[in-house]
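# Architecture at a glance
Each chain, letter by letter, is given below.
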Amino acid sequence: MTIPSLAALMPEADAAQERTVAFRRKLHQNPEIGLDLPVTRQAVLDEIADLGLTLRLSETTSAVVAELDGAQPGPTLILRGDMDALPLQEDTGLPFASAVEGAMHACGHDTHVAMLAGAARLLAARREELAGRVLLFFQPGEESYHGARYALEEGLLDDTDVIGAFALHISSQFESGTINVRSGPILAAADTFRVVLTGRGGHASAPHAANDPVPAACEIVTAVQTVLSRRISTFDPAVLTVARIAAGTTSNIIPASAEMEGTIRSFSEETRDDIHTRLRTVVSGIAAAHELTADVDITPGYPVTVNDETFTDRVRGVASAVVGADRVVDIENPLMGAEDFSYVLAKYPGAMAFLGACPEGVDPDLAAPNHSNLVVFDERSLASGVATYAGVALDSLRPTA
Ligand code: NI
């Protein structure tokens, strides 16, 4: 069944495409990194100034939450667009490439802001069709700065009747204009760890007179892989990578210490906790066997991003009505990246979906990926994003007849 009001969204978003693209390019030229994004925040406030929205401005970050009230009362829905760029020199050669040395919107968050502002405009013209409130959450600091967590802690999203939260993320590696989603875990939890083994340094010719941490470090690197293959269910995927190992200075000295750093990716809180515990156990056990002391530091990153099943079905239905069922794709496997929208989805039911934006004539598998200095997003996909954002709000806050 086609829902008439949703079907009308795509032509409306198409009609607004010039404005969406112009705003996106303005943001793209002026990228800012982290939690403090004064230029971006002002650009957002200017862009939505005429829509009659009530603003909640964070006092500790550049977050903006704009309230859009429907004609009738009802519950609250959150739409999120992140705003921050990456510390990277842009090499795309685009006419609207970054004008800021060493900063680039390489994850497409500029497109998220432009699409969310575009959706706000469509929704503001359709207040009669809304029973409830849309919170347009323009979020800084997604790229490792925990911006969503700060907004939650500050109470910016503390409404009592939130029935859902939705975010789109653009990707150059999905076919342009497609909406890609899955129920359950969609992105990993990403934690980092650091291990320091301390023994006793000495002459490389007399290991018995020293206590060498290097062989123990090597044992740990292989033993922690066994944690994953022997102790964690093969049906609950996880990754543990020792990405840096450092010890010693030259060929004839046994170093006093060895250091390792790496990342842990997981898709459930149970497995995440389990890997943390087992990493500590393996390290301390091997260190003890070698009479070394061991320090293990695990820094928790973003939690698992989990899409609610019912809400994901809603997103699929809306996207089918808006962009066409043939452009709604089920992602088979979760992605190993991480997202701080996970904090929002841990509090409220909702979903994150990927908007395909692979450039025309490029194989999605070969396209420069998000976070590359060469990534290019097909701007034609933005209208699909605008319409999908707006559609999820309209569908969630539909007045009862
Ligand atoms: Ni991103």
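Residues numbered from 1 in each chain as written. Predicted model: local features only at pLDDT ≥ 70, side-chain atom pairs only at ≥ 80, totals over all residues. Heavy atoms only, no water.

## Some words on the coordination of the nickel ion
Ideal values differ by geometry: the angle at a metal is 109.5 degrees with four tetrahedral donors, but 90 or 180 degrees with six octahedral donors. The coordination sphere of the nickel ion, as far as protein atoms go, consists of C107 (SG), H109 (NE2) and H169 (NE2), spread over 2.1 to 2.3 Å. Taking relative accessible area as the criterion, C107 reaches 8% and is therefore assigned buried. Residue H169 is classed as buried on the basis of its relative accessible area, which comes to 6%. (Donors = N, O, S within 2.8 Å, 3.2 Å for Na, K, Ca; no water. Buried < 20%, exposed > 50% of the residue type's maximum accessible area, 1.4 Å probe, protein only.)

## Details of the sheet that holds strand β8 (residues 189–198)
Strand-to-strand pairing in sheets goes through backbone hydrogen bonds, with the strands running parallel or antiparallel. Strand order in the open sheet formed by four strands is β10-β12-β8-β13, with antiparallel pairing between adjacent strands. Two strands close off the open sheet at either side, each with one partner strand: β10 (238–247) and β13 (293–299). For this sheet, the mean inter-axis angle between neighbouring strands, taken without regard to orientation, is 15°. Bridge count for β10 against strand β12 (residues 257–266) is nine bridges, and the pairing is antiparallel. Along β12, the bridge assignment pairs A246 with E259. The strands that helix α7 (residues 213–231) touches are β8, β10 and β12; relative to β10, the one it contacts most, it runs at about 175°. Lying over the sheet, helix α8 (residues 269–289) contacts β8, β10, β12 and β13, oriented at roughly 165° with respect to β13. (Pairing = 2+ DSSP bridges. Helix = DSSP H or I, 4+ residues; strand = E, 2+ residues; numbered from the N terminus. Axes fitted to C-alpha atoms, helices over the stretch in contact; angles between N-to-C directions. Contact = heavy atoms within 4.5 Å.)

## Remarks on the packing of helix α5 (residues 109–124) against helix α11 (residues 382–396)
Here α5 crosses α11 at 50°, and the two axes come no closer than 8 Å. Classified by the angle between their axes, α5 and α11 sit oblique to one another. You can see that α5 and α11 cross each other, and the crossing is right-handed. Side by side, α5 and α11 meet where T111, H112, M115, L116, G118, A119, L122 and L123 of the first sit next to L382, G385, V386, Y389, A390, A393 and L394 of the second. (Parallel < 35°, antiparallel > 145°, perpendicular 65-115°, else oblique. Left-handed = near helix turned anticlockwise from the far one by under 90°.)

## Quick notes on the environment of E175
Note that E175 resides in the loop between β5 (162–171) and β6 (179–181). Judged by its relative accessible area of 52%, E175 is exposed. Separated by 183 residues in sequence, E175 and C358 place their C-alpha atoms 5.3 Å apart. Those residues in contact with E175 that lie beyond four places of it in its chain are R327, G356, A357, C358 and P364.

## Let's talk about helix α9 (residues 309–323)
With 15 residues, α9 extends 21 Å from end C-alpha to end C-alpha; this agrees with the ideal 21 Å at 1.5 Å per step. Among the residues making up α9, those that are buried are F311, T312, V315, V318, A319, A321, V322 and V323. Between the side-chain oxygen at the start of α9 and the backbone nitrogen of T310 there is a gap of 3.3 Å, and the oxygen is on D308. Count one or two residues on from α9 and you reach G324, which has phi positive near 105°. (Expected span 1.5 Å × (residues − 1). Polar contact = N/O pair within 3.5 Å; in protein donor to acceptor, adjacent residues only side chain to side chain.)

## A word on unusual backbone geometry
Backbone geometry at S144 places phi at a positive 80°, although glycine is not the residue there. Within the secondary structure, S144 is located in the loop between β4 (131–139) and α6 (147–153). The class for S144 is exposed, based on a relative accessible area of 60%. Non-glycine residue H146 carries a positive phi angle of around 60°. Along the chain, the position of H146 falls in the loop between β4 and α6. Classification of H146 by relative accessible area gives buried; the value is 15%.

## A closer look at the domain arrangement of the chain
With domains assigned, the chain is organised as domain 1 (6–187 + 304–396) and domain 2 (189–299). Placing the centre of domain 1 and that of domain 2 at their C-alpha centroids yields a distance of 39 Å. Summing the contributions of domain 1 and of domain 2, the shared interface buries around 650 Å²; its carbon and sulfur component is 73%. When residues of domain 1 are sorted by the area they lose upon contact with domain 2, V304, M336 and A338 head the list and together hold 75% of the total. Run the count over domain 1 and domain 2 and you get one residue pair in polar contact (both at pLDDT 80 or more). Here the residues of the side of domain 1 that touches domain 2 are counted per class, giving seven nonpolar, one polar and no charged. (Domains from an automatic or database assignment. Buried area = accessible area lost by both parts, 1.4 Å probe. Nonpolar A, V, L, I, M, F, W, Y, C, P; charged D, E, K, R; others polar.)

## Quick notes on the side chain of N180
Here N180 lies in strand β6. Taking the relative accessible area as the measure of exposure, N180 reaches 2% and is therefore buried. A distance of 3.0 Å separates the side chain of N180 from the side chain of T178, its partner in a polar contact.

## Remarks on the sheet that holds strand β1 (residues 54–57)
Overall, mixed pairing links the eight strands, which are arranged β1-β2-β4-β3-β5-β16-β6-β15 in an open sheet. In this open sheet, the two edge strands, each paired with only one partner strand, are β1 and β15 (328–330). Neighbour-to-neighbour, the strand axes of the sheet open up by a mean angle of 25°, direction not taken into account. Examined bridge by bridge, β6 and β15 share three bridges and lie parallel to one another. Across the sheet, residue N180 finds its bridge partner in β15, namely V329. Packed on one face of the sheet, α5 meets β2 (64–69), β3 (72–82), β4, β5 and β16 (350–356) and runs near 160° to β3. Packing against the sheet, α11 makes contact with β3, β4, β5, β6 and β16, and its axis sits at approximately 170° to β5.

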